[in-house]
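Coordinate inspection notes
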Amino acid sequence: MSDEFTHLIPETQEFVQKYAAKAGYRLNENQEILDAVIEGLARNKAIHGKRYCPCRLLSGNSEEDRAKICPCKWHKDEIAHDGMCHCQLYFAK
Ligand code: SF4
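Here we summarise the structure given alongside this text. Everything numeric here is computed off the predicted structure, so don't read it as measured data. (Residues numbered from 1 in each chain as written. Predicted model: local features only at pLDDT ≥ 70, side-chain atom pairs only at ≥ 80, totals over all residues.)

**A closer look at the site of the ligand**
The full set of residues close to the ligand is Val37, Cys53, Cys55, Cys70, Pro71, Cys72, His75, Cys85, His86, Cys87, Leu89 and Tyr90. Its residues assigned to classes, the shell around the ligand comprises 10 nonpolar, 2 polar and no charged. (Near = placed C-beta within 6 Å. Nonpolar A, V, L, I, M, F, W, Y, C, P; charged D, E, K, R; others polar.)

Following this line, the structure appears as structure tokens:
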């Protein structure tokens with residue numbers, strides 16, 4: 001794992017835990033997937049300055065990509081319909 005974003009992992013873990021608690025979701029119980037998504041969010045924060053969704057392509061247009069900052073624009077609908085968000089980070093309880 002690159003050192004460029006590992007320092008951001010603890011705060012990213014805290015962020016997703018707090019958001020899940022606040023929104024009434026649970027996090028993926030598969031630790032491997034959970035860690036991979038958290039790493040992706042931390043990596044995007046290190047590279048792009050925002051916790052962009054690691055499972056969506058960025059356009060490079062910050063206006064357009066704003067919807068992809070976690071928790072993204074689509075997650076509530078995805079969780080309501082599929083029981084989980086696109087990245088399988090947040091799940092319905
Ligand atoms: S799909 Fe899930 S992990 Fe990705 S940005 Fe949306 S809420 Fe976050």
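Moving on from the model shown.
**Some words on helix H2 (residues 9–23)**
Given 3.6 residues per turn, any residue in an α-helix points the same way as the ones three and four places further on. The terminal C-alpha atoms of H2, which comprises 15 residues, lie 21 Å apart, in line with the 21 Å expected from a rise of 1.5 Å per residue. In the segment just after H2, Gly24 is the residue with positive phi, at about 80 degrees. (Helix = DSSP H or I, 4+ residues; strand = E, 2+ residues; numbered from the N terminus. Expected span 1.5 Å × (residues − 1).)

**Looking at unusual backbone geometry**
Geometrically, the link from Cys70 to Pro71 is a cis peptide bond, its omega value of 0 degrees lying close to zero. Looking at the secondary structure, you find Pro71 in the loop between helix H4 (62–65) and helix H5 (75–82). For Gln88, which is not glycine, the phi torsion reads 60 degrees and is therefore positive. Along the polypeptide, Gln88 turns up in the loop between H5 and strand E2 (90–92). Since 18 C-beta atoms lie within 10 Å of it, Gln88 is described here as partly exposed. (Buried ≥ 20, exposed ≤ 12 C-beta atoms within 10 Å, placed from the backbone.)

**A closer look at the environment of Tyr52**
Relative to the helices and strands, Tyr52 is located in the loop between helix H3 (31–48) and H4. On the neighbour-count criterion, Tyr52 (23 C-beta atoms within 10 Å) is buried. When the C-alpha positions of Tyr52 and Leu8 are compared, they lie 14 Å apart, and in sequence the two are 44 residues distant. In contact with Tyr52, other than residues within four places in its own chain, are Asn44, Leu58, Asp65, Lys68 and Ile69. (Contact = placed C-beta atoms within 7 Å.)

Just geometry here; none of it tells us what the structure is for.
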